[in-house]
Amino acid sequence: MSKTYLRQFVLPSPEQEDKFIEKLTMTCFQGVYPYKIFPKKELRQVELAPITIFYGGNGSGKTTLLNLIGEKAHVLRHSPFNASAFFTQYVDSCQLKGAAPRNSQILTSDDVFDYLLDVRCMNHGIDIRREELMEEFTQRKYAHHQLCSLSEYEDWKESCDAKSKSKSQFVRDRLMKNMDMQSNGESAMRYFVEHIEEDSLYLLDEPENSLSIQRQLELSKFLSDSARFFGCQFIMATHSPVLLAMERALIYDLDEVPVQTKNWTELENVRKYFDFFMEHRAEFADSRNGVTE
């Protein structure tokens with residue numbers, strides 16, 4: 001059953017923002033981020049659904065809005081974000097209806113990237129350990145070893161094991177499976193599957209990064225099923241047409257002034273994809289009919 005843990009997020013009014021800025025006497029700050037962003041977009045209140053998506057180009061404020069909700073809801077964060085000297089005051093002036101479950105998290109593209117780096121480092125360590133074990137096997141396989149005392153028991157047992165197995169069996173029994181057999185996209189997909197659990201809230205910042213179109217389709221289905229059947233609520237920032245097309249998603253177009261909710265097929269980014277493929281539709285028809293130039 002779909003759940004909505006956070007129901008509404010209210011930003012400070014333009015008057016509240018102006019009042020705060022007027023009180024500032026310090027001149028060492030170059031800006032007042034995140035103040036003065038959302039009044040320009042005439043955005044004050046965001047209703048939240050089981051799946052809510054913030055869409056917009058670079059600098060539209062979609063990630064800022066996601067971070068504000070995450071800080072106000074006190075969700076677990078793994079990576080730092082671009083805050084400012086005034087971010088905490090701004091969060092304090094926001095209002096939130098609802099409460100996030102205790103195990104809620106914000107998962108960003110930086111988190112996925114760090115995970116991929118960890119996998120690579122682990123693989124490097126595994127490769128080094130594999131070479132060490134292969135050398136150890138050779139030494140134990142052909143060494144003459146007698147058990148003379150109990151203190152030598154473990155060493156003697158390892159030598160006996162080496163004599164009874166092939167090199168690949170000996171190494172495989174002592175080495176965890178190398179995770180490098182999976183691509184970045186497969187590893188990134190696994191990251192989401194491992195971190196998203198039932199009955200919780202997740203804020204996702206551009207989760208499509210590192211994912212091919214096929215993996216994005218898999219992620220879309222995984223998120224949809226998690227929201228529909230397993231009690232998860234998702235609030236995400238994305239410009240992926242695949243994720244924007246998720247059924248029953250409530251989409252805010254932050255490129256519009258005032259900010260509006262839209263159907264995914266109305267969004268400029270999606271329309272550009274549509275126009276591009278329509279421009280080349282004859283080539284698709286030729287390819288389907290087996291015609292090549």
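Each value, and the rule that gives it
Residues numbered from 1 in each chain as written. Predicted model: local features only at pLDDT ≥ 70, side-chain atom pairs only at ≥ 80, totals over all residues. Heavy atoms only, no water. Phe/Tyr/Trp six-rings, centres within 6.5 Å; stacked < 30°, edge-to-face > 60°. Helix = DSSP H or I, 4+ residues; strand = E, 2+ residues; numbered from the N terminus. Buried < 20%, exposed > 50% of the residue type's maximum accessible area, 1.4 Å probe, protein only. Core = buried A, V, L, I, M, F, W, Y, C linked by side-chain atoms within 4.5 Å. Contact = heavy atoms within 4.5 Å. Patch = residues over 30% accessible without salt bridge, like charges linked within 9 Å, V, L, I, M, F, W, Y side chains within 5 Å. Areas by Shrake-Rupley, 256 points an atom, 1.4 Å probe, with all protein chains shown as cover. Salt bridge = Lys/Arg side-chain N within 4 Å of Asp/Glu carboxyl O. Lys, Arg positive; Asp, Glu negative; His and termini not counted. Charge placed at Lys NZ, Arg CZ, Asp CG, Glu CD. Pairing = 2+ DSSP bridges. Axes fitted to C-alpha atoms, helices over the stretch in contact; angles between N-to-C directions.

**Student:** Can you help me understand the packing of aromatic side chains in this one?
**Tutor:** The relative placement of two aromatic rings is captured by the distance of their centres and the angle of their planes. Under the criterion given, the structure shown has 9 aromatic pairs. With a centroid separation of 4.8 Å and an interplanar angle of 85°, the aromatic rings of Tyr35 and Tyr90 are classed as edge-to-face. Pair noted here: Tyr35 is in the loop between helix H1 (14-23) and strand E2 (45-47) and Tyr90 is in helix H3 (residues 87-93), with a separation of 55 residues, a long-range link. A residue is classified by how much of its surface remains accessible, and Tyr35, at 5% relative accessible area, is buried. In this structure an aromatic cluster arises from ring pairing among Phe20, Tyr35, Phe86 and Tyr90.

**Student:** What is the right way to read the nonpolar core from this model?
**Tutor:** Soluble, globular proteins show a tendency: their nonpolar side chains are buried together. Counting 30 residues, the largest nonpolar core has Leu11, Phe38, Phe54, Leu65 and Ile235 as its most contacted members. Contributions of two or more residues to this core are made by strand E1 (6-10), helix H2 (62-73), H3, strand E7 (201-205) and strand E8 (233-237). The element that contributes the greatest number of residues to this core is H2, accounting for 5 residues. The contact partners of Leu65, leaving out residues within four places of it in the chain, are Phe9, Leu11, Phe38, Leu43, Val46, Phe54 and Leu254. Among the nonpolar cores identified, the runner-up in size contains 26 residues, and Leu107, Phe192, Leu223 and Leu267 belong to it.

**Student:** Would you take a moment to explain a negative patch on the surface for this structure?
**Tutor:** On the surface, a cluster of negative charge is contributed by Asp275, Glu279, Glu283 and Asp286. Only helix H10 (268-279) and helix H11 (281-288) provide two or more residues apiece to the negative patch. Note on placement: Glu279 falls in helix H10.

**Student:** What is the right way to look at unusual backbone geometry in this model?
**Tutor:** At the junction of Tyr33 and Pro34, the peptide bond is cis and its omega measures out at 5° in the coordinates. Residue placement: Pro34 occurs in the loop between H1 and E2. For the peptide bond that leads from Val257 to Pro258, omega is -5°, which places it in the cis range. Structurally, Pro258 is set in the loop between strand E9 (250-253) and strand E10 (260-262). The residue Asp199 is not glycine, and still its phi comes out positive at about 55°. Take Asp199: it is sitting in the loop between helix H7 (184-195) and E7.

**Student:** I tried to follow the sheet that holds strand E5 (residues 95-98) on my own but got confused; where do I start?
**Tutor:** Across a sheet, paired strands are connected by hydrogen bonds in the backbone, their directions being either parallel or antiparallel. Taken in spatial order, the 3 strands of this open sheet run E2-E1-E5, and their pairing is antiparallel. Each end of this open sheet is capped by a strand with a single partner; those strands are E2 and E5. Geometrically, the sheet is characterised by an average inter-axis angle of 10° between neighbouring strands, direction not taken into account. Examined bridge by bridge, E1 and E2 share 3 bridges and lie antiparallel to one another. Of the residues in E2, the one forming a bridge with Phe9 is Val46. In the packing of H2 onto the sheet, contacts are made with E1, E2 and E5, and the angle to E1 comes to roughly 115°.

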